[in-house]
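The primary structure of each chain is shown beneath.
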Amino acid sequence: MPCDAVTIVAHPRPSSERRASSDRRASSRHRAPSGRGDVVYPAYWVAAAALIVATLLGLPLGQPAAVVAATIVFIGGGLPHGAYDIALLRRAVALDRSRVGLARGGLTGDGLLRVGLVVGGYVATALLMVSLWLTVPLVALVLFLAVAAVHFGEDWAMLEEPLLRVAAGAAVIGAATIGHPSAVSAVFVAMSDPRAAVVARIVTAIAPVALLVTLVGIALAWRQGSRHWASAMAVCLGLLIVLPPVAGFALFFVFLHSPRHLAQTRVLLRDMTRARWIGTGALLSGVAILGWWGVRVIAPSRFDPSFGAQAFQLLASVAVPHLLLSRWLERRLAVACCAEDQTAAP
């Protein structure tokens with residue numbers, strides 16, 4: 001696997017070679033330069049077309065049964081993309097021992113201690129988020145929205161300006177409030193308390209600005225070669241405005257955001273067999289769901305009975321540690337993968 005298959009390009013090529021390669025790509029297939037992100041799979045267009053047809057036919061996508069179905073889709077299809085953080089951590093520590101490639105002998109001693117400490121911090125961060133939902137849910141909600149904006153902005157690797165990426169990430173949330181302000185407000189209140197309606201109004205107020213900035217980002221992404229991503233996000237933002245909030249979020253989260261991160265992680269963990277890969281994602285996602293169910297059983301009065309609200313709370317509880325750990329790990333492993341490929345080259 002070439003080292004430019006991952007998002008982070010660790011060893012820049014000579015400028016003349018980069019220009020020639022970029023020109024060939026731009027003139028032939030209009031694809032984004034290596035490492036700049038243009039991952040959109042056909043399943044997204046199938047799902048978007050199905051939702052458009054359902055809307056035109058007047059199907060009740062906002063009814064309780066449809067909302068529950070969309071919630072199951074975004075949990076089942078989106079939660080696994082963060083399930084490989086521990087596997088990425090284990091490989092990063094192994095690479096520290098071998099400096100190049102995966103340590104064949106496994107982890108012992110200091111390596112196991114480091115993995116244990118980081119995993120402990122990861123779990124502690126998730127438990128902190130759970131405790132915030134139990135004690136100060138309004139703070140947890142605001143933190144979740146901020147983390148989501150930053151994390152979704154990471155999908156826009158083709159944009160250089162960090163604030164532009166954050167605005168693009170925030171637009172995913174803001175678009176839904178423009179089309180369905182009362183429904184989004186109801187979800188926020190169910191996740192938190194009645195004061196969350198004020199948060200929903202603030203998001204609605206800033207949403208037009210975020211969308212305008214994101215339109216600039218879409219234009220820049222198109223010009224720079226990320227035409228698949230630019231067109232997919234333009235359609236997705238439109239559907240986020242039109243569709244009921246949970247259905248629109250499921251489309252983005254499961255068919256645009258999650259596949260992009262799964263593809264990157266699969267490259268970094270390419271030593272895993274397919275069976276182990278699938279099993280890891282299913283097992284750790286199941287552990288997260290069971291853990292949340294346990295918290296819900298222990299303190300039922302602290303949570304709104306709404307299935308959708310609890311699903312978003314679960315997502316928030318694992319999103320914060322995922323954001324803190326995954327970006328550092330991806331950068332570290334991308335550098336190591338490039339070194340491994342270059343060492344293996346004749």
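These numbers come from a predicted model, not from an experiment.

*Asks:* Lay out the pattern of salt bridges with the relevant residues and their values.
*Replies:* Considering all chains together, one arrives at two salt bridges under this definition. Across the pair Asp155 and Arg260 runs a salt bridge whose closest N-O atoms are separated by 3.8 Å. Of this pair, Asp155 sits in the loop between helix H6 (137-153) and helix H7 (162-179) while Arg260 is found in helix H11 (residues 245-268), placing the two residues 105 residues apart along the sequence. As far as the burial class goes, Asp155 and Arg260 line up, both buried. Close ionic contact of Asp193 with Arg195 constitutes a salt bridge, the shortest N to O distance being 2.9 Å. You can call Arg195 exposed: its relative accessible area is 54%.

*Asks:* Residue-level account of empty space enclosed by the protein, with values.
*Replies:* With the rule as written, the count across this model stands at three cavities of 30 Å³ or more. The space that makes up the largest cavity amounts to roughly 270 Å³. For the largest cavity, the lining is made up of 18 residues, of which Ile173, Ala176, Phe188, Phe249 and Phe312 are closest to its centre. Looking at the lining of the largest cavity, the elements that each hand over two or more residues are H6, H7, helix H8 (181-191), H11 and helix H13 (307-344). For the lining of the largest cavity, the class distribution of residues is 17 nonpolar, one polar and no charged.

*Asks:* Residue-level account of the nonpolar core, with values.
*Replies:* The tendency in soluble globular proteins is for nonpolar side chains to be buried side by side. Core analysis: the largest hydrophobic core is formed by 74 residues, its most contacted members being Phe74, Trp133, Trp156, Phe188 and Leu256. Core analysis: the second largest hydrophobic core is formed by 14 residues, Tyr84, Tyr122, Leu325 and Leu329 among them.

*Asks:* Explain helix H10 (residues 227-242) to me, using residue names and the numbers behind them.
*Replies:* With 16 residues, H10 extends 23 Å between its outermost C-alpha atoms, agreeing within 8% with the 22 Å of an ideal straight helix rising 1.5 Å per residue. For H10, every residue scored as buried is listed here: Trp229, Ala230, Ala232, Met233, Cys236, Leu237, Leu239 and Leu240. Contacts from the buried residues of H10 go to helix H2 (42-56), H7, helix H9 (196-223) and H11.

*Asks:* Break down the confidence of the model for the protein chain for me, citing the residues and quoting the values.
*Replies:* Taken over all residues, the pLDDT of the protein chain has a mean of 81, while the share at 70 or more is 79%. Confidence over residues 4-35 falls short of pLDDT 50; this stretch has 46 contacts with residues more than four positions distant or in other chains.

*Asks:* Give a detailed account of the packing of H2 against H11, specifying residues and quantitative values.
*Replies:* Look at H2 against H11: their axes get within 9 Å of each other, and the N-to-C directions meet at 165°. With respect to H11, the element H2 is oriented roughly antiparallel. The two elements H2 and H11 cross, and the hand of that crossing is right-handed. Here Ala43, Tyr44, Ala47, Ala48 and Leu51 of H2 come into contact with H11, specifically with Ala247, Leu251, Phe255 and Leu256. Here the residues of the contact of H2 with H11 sort into nine nonpolar, no polar and no charged.

Definitions and limits used
- Position labels on residues start from 1 in each chain and follow its written sequence.
- Two thresholds apply to this predicted model, a pLDDT of at least 70 for residue-level local features and 80 or more for giving and counting side-chain atom pairs, whereas whole-chain, interface and lining totals are computed over all residues.
- Values reported for side chains reflect all heavy atoms of the structure, with hydrogen atoms and water molecules removed beforehand.
- Salt bridges are identified by distance alone: a Lys or Arg side-chain nitrogen within 4 Å of an Asp or Glu carboxyl oxygen.
- Secondary structure elements are defined from DSSP: runs of H or I of at least 4 residues count as helices, runs of E of at least 2 residues count as strands, and each element is numbered from the N terminus.
- Residue exposure (1.4 Å probe, protein chains only): buried if accessible area is under 20% of the type maximum, exposed if over 50%, otherwise partly exposed.
- Grid points spaced at 1 Å over the protein atoms alone were grouped into cavities, where a 1.4 Å probe fits but cannot get out, and pockets, open sets with protein on both sides within 12 Å along at least five of seven lines, with lining residues defined by an atom within 4 Å of a point.
- Grid points are joined across faces, edges and corners, and a volume is the space filled by probe spheres set on the points.
- Amino acid classes used here: Ala, Val, Leu, Ile, Met, Phe, Trp, Tyr, Cys and Pro are nonpolar; Asp, Glu, Lys and Arg are charged; the rest, including Gly, are polar.
- Working definition of a nonpolar core: buried Ala, Val, Leu, Ile, Met, Phe, Trp, Tyr and Cys residues. They are joined through side-chain atoms within 4.5 Å.
- Under the convention used throughout, the expected extent of a helix is 1.5 Å for every residue step, that is, one less than its residue count.
- In what follows, residue pairs with any heavy atoms lying within 4.5 Å of each other are defined as contacts.
- Confidence of the predictor at the level of single residues is given by pLDDT, which spans 0 to 100.
- With axes taken as lines fitted to C-alpha atoms, and helix axes fitted only over the stretch in contact, angles between N-to-C directions fall between 0 and 180 degrees.
- Any angle that falls under 35 degrees is termed roughly parallel, while one over 145 is termed roughly antiparallel, one within 65 to 115 roughly perpendicular, and all others oblique.
- If you view the pair so one helix is near and one far, a crossing is left-handed when the near helix is turned anticlockwise from the far one by less than a right angle, and right-handed when it is turned clockwise.

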